[in-house]
Amino acid sequence: QVQLAESGGGLVQAGDSLRLSCAASGRTFSTYNMGWFRQAPGKEREFVAAISRSGGSTAYADSVKGRFTISRDNALNTVYLQMNSLKPEDTAVYYCAADPIRWRSITTTLDEYLYWGQGTQVTVSS
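Read on for an overview of the structure. (Residues numbered from 1 in each chain as written. Predicted model: local features only at pLDDT ≥ 70, side-chain atom pairs only at ≥ 80, totals over all residues. Heavy atoms only, no water.)

**Comments concerning the overall build of the chain**
Thinking step 1. In terms of regular secondary structure, the chain is built from 0 helices and 11 strands.
Thinking step 2. Sequence-ordered secondary structure for the chain, helices as α and strands as β, is β-β-β-β-β-β-β-β-β-β-β.
Thinking step 3. Along the first, second and third principal axes, the C-alpha set of the chain runs to 40 × 25 × 25 Å.
Thinking step 4. Taking all 126 residues of the chain together, the buried fraction comes to 44%.
Thinking step 5. In the chain, the proportion of contacts linking residues at least 24 apart, taken out of those at least 6 apart, comes to 59%.
Thinking step 6. Surface exposure of the chain reaches about 6400 Å², of which carbon and sulfur atoms provide 45%. (Helix = DSSP H or I, 4+ residues; strand = E, 2+ residues; numbered from the N terminus. Buried < 20%, exposed > 50% of the residue type's maximum accessible area, 1.4 Å probe, protein only. Contact = heavy atoms within 4.5 Å. Areas by Shrake-Rupley, 256 points an atom, 1.4 Å probe, with all protein chains shown as cover.)

What follows is the structure, given as structure tokens:
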């Protein structure tokens, strides 16, 4: 089992940048594909980005492609989400999640992530 803790959220203006971090407990972080999701008020949780165990493969939602970058440091048990050119529609609670299935490639499917953090609020003002 792994515990995840997000940090780095806050209130920013449109066009600003933020970097979210997700620290994982345990010694098996490098065996998990990792993902970032977000949930805006009144909306369902949606996929943002994912990264493979080695960091060699990534995937992004179309809405963030070219603006957000996911990365990971397995030595520090941490996954990051660099968010640039933020827009008001990026306002949401951002969650990191871990997929422990070792044979699976990175996935954008919410239900395939077993472990979740508590989330960090990102608010972008216009």
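**Let's talk about the sheet that holds strand β3 (residues 18–24)**
Thinking step 1. Strand order in this open sheet of 4 strands is β1-β3-β8-β7, and the pairing throughout is antiparallel. Both outer strands of the open sheet, β1 (4–7) and β7 (68–73), are each paired with one neighbouring strand and no more. Going from strand to strand, the sheet's axes swing by 15 degrees on average, the running direction of each strand aside. (Pairing = 2+ DSSP bridges. Axes fitted to C-alpha atoms, helices over the stretch in contact; angles between N-to-C directions.)

**Things to note about the state of the cysteines**
Thinking step 1. One pass over the full model with this rule turns up 1 disulfide.
Thinking step 2. Note on cysteine connectivity: Cys-22 is disulfide-linked to Cys-96, with sulfurs 1.9 Å apart. Looking down the S-S bond of the Cys-22 and Cys-96 bridge, the torsion is 45 degrees, so its handedness is right-handed. Of the two residues, Cys-22 is situated in strand β3 and Cys-96 in strand β9 (residues 92–99); the sequence distance between them amounts to 74 residues. (Disulfide = S-S within 2.5 Å.)

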